[in-house]
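Examination of the molecular architecture
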Amino acid sequence: MTETTTAPEPVIVEEVETRRGWAGQNVPRKEDKRLVQGEGLFFDDVKRHNMGYVHFVRSPYAHAKIRSVDVSKALEHPGVYGTLTGD
Amino acid sequence: MGSSSLHPAVALSRTITVEINGTSYQREVDARRLLIHLIRDDLDLTGSHVGCDTGNCGACSVIFDGTLVKSCMLLAVQADGASIETVEGLADKDELNPLQQAFSDHHALQCGYCTPGMLMSATALLRENSSPSDEEISKAIQGNICRCTGYWNIVKAIKSASGQEVGE
């Protein structure tokens, strides 16, 4: 014989006011103003006193062995801060 | 291939007078100097950007004597006597003009690199066509490449700035 049981009392959850959250909202960005004014700071916009500029000297040969690199003329040139070779 | 002596740089330069955003500048420039470098490096107007070095991206776009041009495709000496508008001249010091505001409102920019060029193209368009269709706007910004937004918000922003309704 099966026992009959009564359904448990339903649990009533009180409805509380939900707070209007950010999900789904259109949130304005903070950086837009200066970007549309052209006042964004991108790397090439940075200027410093006595700034140096790197110039790459590339091989004039498509396929060759580098035996040596002679930087003496470059170092003599006024305004050259220095050179960097693979040595 | 024998060694060749370094040729001394032949410096051909000229003094030019350019008006930019209403201010007149007189500078001595190398004949080979590009206009974009005069604007960015000599005059500190870094709003216009260099994006490609090949005349494709339009990040350097400015309005030159009323015409939209890519300033990387012009020499500074060609601007002698010209009147140029850049992004910095679109609005007064800390304000945004309706077009700039529309870009912000419609999320028409992310990294902001193409934005000055887009704004200048849009400005040139709206002067010529005050109520452009989506197609006309798309055509007007053909010379401007954007890697971030997918263009649609830019088209909506420009359309909205022209006073037209924009859909989704």
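Residues numbered from 1 in each chain as written. Chains lettered and ligands numbered in written order. Predicted model: local features only at pLDDT ≥ 70, side-chain atom pairs only at ≥ 80, totals over all residues. Heavy atoms only, no water.

**As for the overall build of chain A**
Secondary structure summary: chain A contains two helices and zero strands in total. On C-alpha atoms alone, chain A measures out to a radius of gyration of 35 Å, which is more than a quarter above the 12 Å that the 2.2 N^0.38 rule sets for 87 residues. Along the first, second and third principal axes, the C-alpha set of chain A runs to 105 × 50 × 20 Å. Put simply, chain A has 87 residues, and 9% of those count as buried. As displayed, chain A offers around 9,500 Å² of accessible surface, 55% of which is attributable to carbon and sulfur atoms. Within chain A, the 13 negative side-chain charges are centred at a point lying 16 Å from the centre of the 12 positive side-chain charges. (Helix = DSSP H or I, 4+ residues; strand = E, 2+ residues; numbered from the N terminus. Rg over C-alpha atoms; globule rule 2.2 N^0.38 Å. Buried < 20%, exposed > 50% of the residue type's maximum accessible area, 1.4 Å probe, protein only. Areas by Shrake-Rupley, 256 points an atom, 1.4 Å probe, with all protein chains shown as cover. Lys, Arg positive; Asp, Glu negative; His and termini not counted. Charge placed at Lys NZ, Arg CZ, Asp CG, Glu CD.)

**Description of the pattern of salt bridges**
What the rule picks out here adds up to 11 salt bridges over all chains. A salt bridge links B:Asp44 to A:Lys47, with the nearest nitrogen and oxygen atoms 2.6 Å apart. One end of the pair, B:Asp44, is in the loop between α1 (35-42) and β3 (61-64); the other, A:Lys47, is in the loop between α1 (32-37) and α2 (72-76), on a second chain. (Salt bridge = Lys/Arg side-chain N within 4 Å of Asp/Glu carboxyl O.)

**Here's the deal with the sheet that holds strand β1 (residues 13-20) of chain B**
Residues and elements named next belong to chain B. Pairing within the open sheet is mixed, and its five strands lie in the order β2-β1-β5-β3-β4. Each edge of the sheet is formed by a strand with only one pairing partner; in this case those strands are β2 (23-30) and β4 (67-70). Each adjacent strand pair in this sheet contributes to an overall mean axis angle of 40 degrees, direction not counted. Two strands pair when backbone bridges link them, and β3 and strand β5 (residues 83-85) are joined in this way by two bridges, in the antiparallel orientation. In the sheet register, Ile63 faces β5, and the bridge partner there is Glu85. Packing of α1 onto the sheet brings it into contact with β1, β2, β3 and β5, and relative to β2 it is tilted by some 115 degrees. Contacts from helix α3 (residues 115-128) reach β3, β4 and β5, with the element oriented near 35 degrees to β3. (Pairing = 2+ DSSP bridges. Axes fitted to C-alpha atoms, helices over the stretch in contact; angles between N-to-C directions. Contact = heavy atoms within 4.5 Å.)

**Comments concerning the environment of B:Glu88**
Considering the arrangement of structural elements, one finds B:Glu88 in the loop between β5 and α2 (98-105). Considered as a pair, B:Glu88 and B:Thr46 are 42 residues apart in the sequence and their alpha carbons are 8.8 Å apart. Apart from residues no more than four positions distant in its own chain, B:Glu88 is found in contact with A:Gln37, A:Gly38, A:Glu39, B:Asn21, B:Leu45, B:Thr46, B:Gly47 and B:Ser48. From its side chain, B:Glu88 meets the backbone nitrogen of B:Gly47 in a polar contact 2.7 Å long. Within the structure, the side chain of B:Glu88 is placed 2.6 Å from the side chain of B:Thr86, a separation counted as a polar contact. (Polar contact = N/O pair within 3.5 Å; in protein donor to acceptor, adjacent residues only side chain to side chain.)

**Topic: the interface of chain B and chain A**
Many authors give the size of an interface as the accessible area that is lost as the parts come together. Every contact between the two is made by 27 residues of chain B and, on the other side, 15 residues of chain A. Carbon and sulfur atoms supply 50% of the area buried between chain B and chain A, which totals about 1,800 Å² over both sides. Seen at the junction of chain B and chain A, the total is four salt bridges. Taken together, the connections running from chain B to chain A amount to 10 residue pairs in polar contact (both at pLDDT 80 or more). (Buried area = accessible area lost by both parts, 1.4 Å probe.)

**Observations regarding the nonpolar core**
Of all hydrophobic cores here, the largest spans 26 residues; its most connected members are B:Leu99, B:Phe103, B:Met118, B:Leu119, B:Ile141, B:Ile154 and B:Ile158. Of all the secondary-structure elements, those providing two or more residues to this core are α1 of chain A together with α2, α3 and α5 (152-161) of chain B. Examining the composition of this core, we find that seven residues originate from one element, α3(B), more than from any other. Those residues in contact with B:Leu99 that lie beyond four places of it in its chain are B:Leu119, B:Ala122, B:Thr123, B:Leu126, B:Ile158 and B:Ala161. (Core = buried A, V, L, I, M, F, W, Y, C linked by side-chain atoms within 4.5 Å.)

**Notes on α3(B)**
Residue and element names in this part refer to chain B. An ideal rise of 1.5 Å per residue puts 20 Å on 14 residues; α3 measures up with 20 Å between its terminal C-alpha atoms. Taking burial as the measure, the 14 residues of α3 include 12 buried ones, the bulk of the element. What α3 keeps buried is the set Thr115, Pro116, Gly117, Met118, Leu119, Met120, Ser121, Ala122, Thr123, Ala124, Leu125 and Leu126. (Expected span 1.5 Å × (residues − 1).)

**A few points about the packing of aromatic side chains**
Summed over all chains, the structure comprises one aromatic pair over all chains. Taking the centre distance of 4.9 Å and the plane angle of 85 degrees together, the rings of A:Phe42 and B:Tyr113 count as edge-to-face. Of this pair, A:Phe42 sits in the loop between α1 and α2 while B:Tyr113 sits in the loop between α2 and α3, placing the two residues on different chains. Relative accessible area serves as the criterion here: at 18%, A:Phe42 is assigned to the buried category. (Phe/Tyr/Trp six-rings, centres within 6.5 Å; stacked < 30°, edge-to-face > 60°.)

**A word on the side chain of B:Lys159**
Residues and elements named next belong to chain B. Here Lys159 shows up in helix α5. Since its relative accessible area comes to 17%, Lys159 is described here as buried. Excluding residues that lie within four positions of it along the chain, Lys159 makes contacts with Pro132, Asp134, Ile137, Gln164, Glu165 and Val166.

All we've got here are geometric facts, nothing functional implied.
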